[in-house]
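Structure assessment
Okay, here's what each chain looks like letter by letter:
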Amino acid sequence: MLSSLTLVLGKQTMRVVELFAGVGGFRIGFEGPPNNSKRERFRVVWSNQWEPSTKKQHAAEIYVSQWNLKRSEQDSDVYTNGIDDVFVNKDITQISASEIPDHEILCGGFPCQDYSVAKTANKATGLEGKKGVLWWDIHRIIKEKKPIFALLENVDRLQKSPTTQRGRDFAVMLASLDDLGYMVEWRSFAASEYGMPQRRSRVYILAYRRDKHSQIVESMESRYVSPEEWIRNDGILAKSFPIKDFTTFGLPSFPLRSKSSDDLADISINFNDRGDGIKRKSPFMDAGLMIDGMVFNTDYKPDYHGDRTLLGDVLIQPRYVPDEFIIPAYDLIREKGWIYLKGAKKEKRIRGTFEYNYSEGPVGFPDSLIKPSRTIITGEGGAGPSRFKHVVVFKPTKKQIKNLELNSTMSNDVRGRLKLKKSEWLRRLTPVELERLNMFPDNHTLGVTDGKRAFIMGNGLVTGVISSIANQLPQISNGPNIS
């Protein structure tokens, strides 16, 4: 049963290539923490990280340090600890696919960009006008290397972009994978819905190479295994992230192409656009499957009954909190301080010569310790007041109370306004706590400034999501209920 896939997987190690690696979130999800010497099920054999906006490659430096990689004598931008573990700190657009080793899994959290395409002048030599450059680099690598799986992560608005033609970008992406011989499933959810400590919502996209999953594909094409069953029970994402039951009849479906002859440029121009100027909602829902150019999808409710990690569970003990993370009383009550920024507003504002009315509601302040955290943002670092940074209640030590004068008249006034107990005060989250919210090992980002550590975690992903998927990948060799 499923002999072609079993032959590839079996008990062999699955080789992984990690693109847009950051500080190794996908690698931790597949292999475990850097000090995990066992790489029997998955082995990251090649990884790439490049930050074009800065000369200092902070994420790359952390990656090579954590996995103890050494600079190559032949190329100063290449690091390795052997032929099966290579890290390249170069622009992926300048790397030939032939330089990347063969692998079973391609993974990465790629930037959300504009995937519009246009025909060349003579309509004969391919596509041009590809604005989502980094997606097309993933595409060319998949086209040449033909991995068995591609696991990708992106912001959930990918399914709805661009605002002028909802769903077009996701449709182009799915159609391009269909052209390469892949079927694709996806799942959009917040990590906290499956017990993880952060409400980070992302879409996870898993592409299966059709010729390596022929029995699955044939059974689905014959409807022996229905798309509904795959989305609900049989797919890797279904097994990783269970959902509550839904009807097996009438699942919304539609073709990516209005005509079988449509190419990517036609989809880019025509998808979800009837030429009447009306902006329509995206047809893509939170869970779906694309096979043979047909999309089957649905919204759903998670079905999770396991342990849950809350914001309060990741906090370090007060004595380990550096003074710079404790908020001074003045910064709370000053003009445009923490209390102002976190609170509701209804006021006149002036921008240049333009005056307008501005209003917004309050945000939770301080953040609840008995819920998962909000999504970490890249601007989480720094002592300055912010509407979006996390602030938590804690019980400062006597030394901290003395150092920051937390028993002053001003401090007690703050306590009264925020209904804090005499023993309580407010602070920001430390880098270690931000790492824990993304389920990284403590001090994984040590070695750069606290602000940069926060930025890196704001750009990171919840590694537990990848671990859950990785745990199910080898199980596909057992196949769904196909006789």
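Everything discussed here concerns the structure shown above.
From a predicted model like this one, the values you see are computed outputs, not experimental measurements. (Residues numbered from 1 in each chain as written. Predicted model: local features only at pLDDT ≥ 70, side-chain atom pairs only at ≥ 80, totals over all residues. Heavy atoms only, no water.)

Counting its secondary structure elements, the chain contains 16 helices and 18 strands. Taking contacts inside the chain between residues at least 6 apart in sequence as the whole, the part at least 24 apart equals 72%. In the form shown here, the chain has an accessible surface area of approximately 22700 Å², with 50% of it arising from carbon and sulfur atoms. (Helix = DSSP H or I, 4+ residues; strand = E, 2+ residues; numbered from the N terminus. Contact = heavy atoms within 4.5 Å. Areas by Shrake-Rupley, 256 points an atom, 1.4 Å probe, with all protein chains shown as cover.)

Another aspect to go through is the nonpolar core. Membership of the largest hydrophobic core comes to 64 residues, with the highest contact counts inside it found for Phe-30, Phe-149 and Val-465. Sort the elements by how many residues they give to this core and helix 3 (residues 58–66) lands first, with five residues. One finds Ile-138, Val-203, Ile-205 and Met-290 within the second-largest nonpolar core, a separate group that totals 44 residues. (Core = buried A, V, L, I, M, F, W, Y, C linked by side-chain atoms within 4.5 Å. Buried < 20%, exposed > 50% of the residue type's maximum accessible area, 1.4 Å probe, protein only.)

A word on the layout of surface pockets. Space inside the largest pocket adds up to approximately 970 Å³. Lining the largest pocket are 42 residues, with Phe-20, Gln-49, Glu-51, Gly-109 and Asn-459 sitting closest to its centre. Of all the secondary structure elements, the ones that give two or more residues to the lining of the largest pocket are helix 2 (25–31), helix 3, strand 9 (149–155) and helix 15 (450–458). Top contributing element to the lining of the largest pocket by residue count: helix 15, with five residues. (1 Å grid on protein atoms, 1.4 Å probe; cavity = no way out; pocket = protein on both sides within 12 Å on 5 of 7 lines; lining within 4 Å. Points joined across faces, edges and corners; volume = space filled by probe spheres on them.)

Counting across every chain of the model gives 27 salt bridges. When the shortest N-O distance is used, the salt bridge between Arg-43 and Asp-84 registers 2.8 Å. Placement of Arg-43 in strand 2 (residues 42–48) and of Asp-84 in the loop between strand 4 (78–82) and strand 5 (85–88) is noted, with a sequence separation of 41 residues between them. Its relative accessible area of 26% is what places Arg-43 among the partly exposed residues. With relative accessibility at 25%, the residue Asp-84 sits in the partly exposed group. Between Asp-211 and Arg-209 there is a salt bridge whose closest N-O contact spans 2.6 Å. Judged by relative accessible area, which is 15%, Arg-209 ranks as buried. (Salt bridge = Lys/Arg side-chain N within 4 Å of Asp/Glu carboxyl O.)

A few words on the environment of Ile-138. Among the secondary structure elements, Ile-138 is positioned in helix 4 (residues 133–145). Sequence spacing of Ile-138 and Ala-150 is 12 residues, and the spatial spacing of their C-alpha atoms is 9.5 Å. When near neighbours in sequence (up to four residues on either side) are disregarded, Ile-138 contacts Leu-19, Phe-20, Leu-106, Phe-110 and Leu-152.

The next thing to look at is the sheet that holds strand 4. Strands sit in the order 3-4-5-2-1-6-9-11-10-13-14-12 across an open sheet of 12 strands; the sheet is mixed. Both outer strands of the open sheet, strand 3 (70–71) and strand 12 (253–255), are each paired with one neighbouring strand and no more. (Pairing = 2+ DSSP bridges.)

A few words now on the environment of Glu-380. Tracing the backbone shows Glu-380 in the loop between strand 16 (354–360) and strand 17 (391–394). Those residues in contact with Glu-380, other than ones at most four positions away along the chain, are Phe-388, Lys-389, His-390, Arg-428, Leu-434 and Ala-454. At 2.6 Å, the side chain of Glu-380 and the backbone nitrogen of His-390 are in polar contact. (Polar contact = N/O pair within 3.5 Å; in protein donor to acceptor, adjacent residues only side chain to side chain.)

As a further point, take helix 15. What helix 15 keeps buried is the set Arg-453, Ala-454, Ile-456, Met-457 and Gly-458. Residues of helix 15 that are buried make contact with helix 3 and helix 14 (431–437).

Sheet faces and side chains relate simply in a regular strand, where the side chains alternate between the two faces. Among the nine residues that make up strand 11 (residues 201–209), eight are buried, leaving the element largely enclosed by the rest of the structure. Sheet analysis places strand 9 next to strand 11, joined by seven bridges and oriented antiparallel. Counterpart to Leu-152 in the pairing with strand 11 is Ile-205. Bridging between strand 10 (residues 182–190) and strand 11 involves nine bridges; their strand directions are antiparallel. Directly across from Glu-185, in strand 11, lies its bridge partner Leu-206.

These figures capture arrangement, not role.
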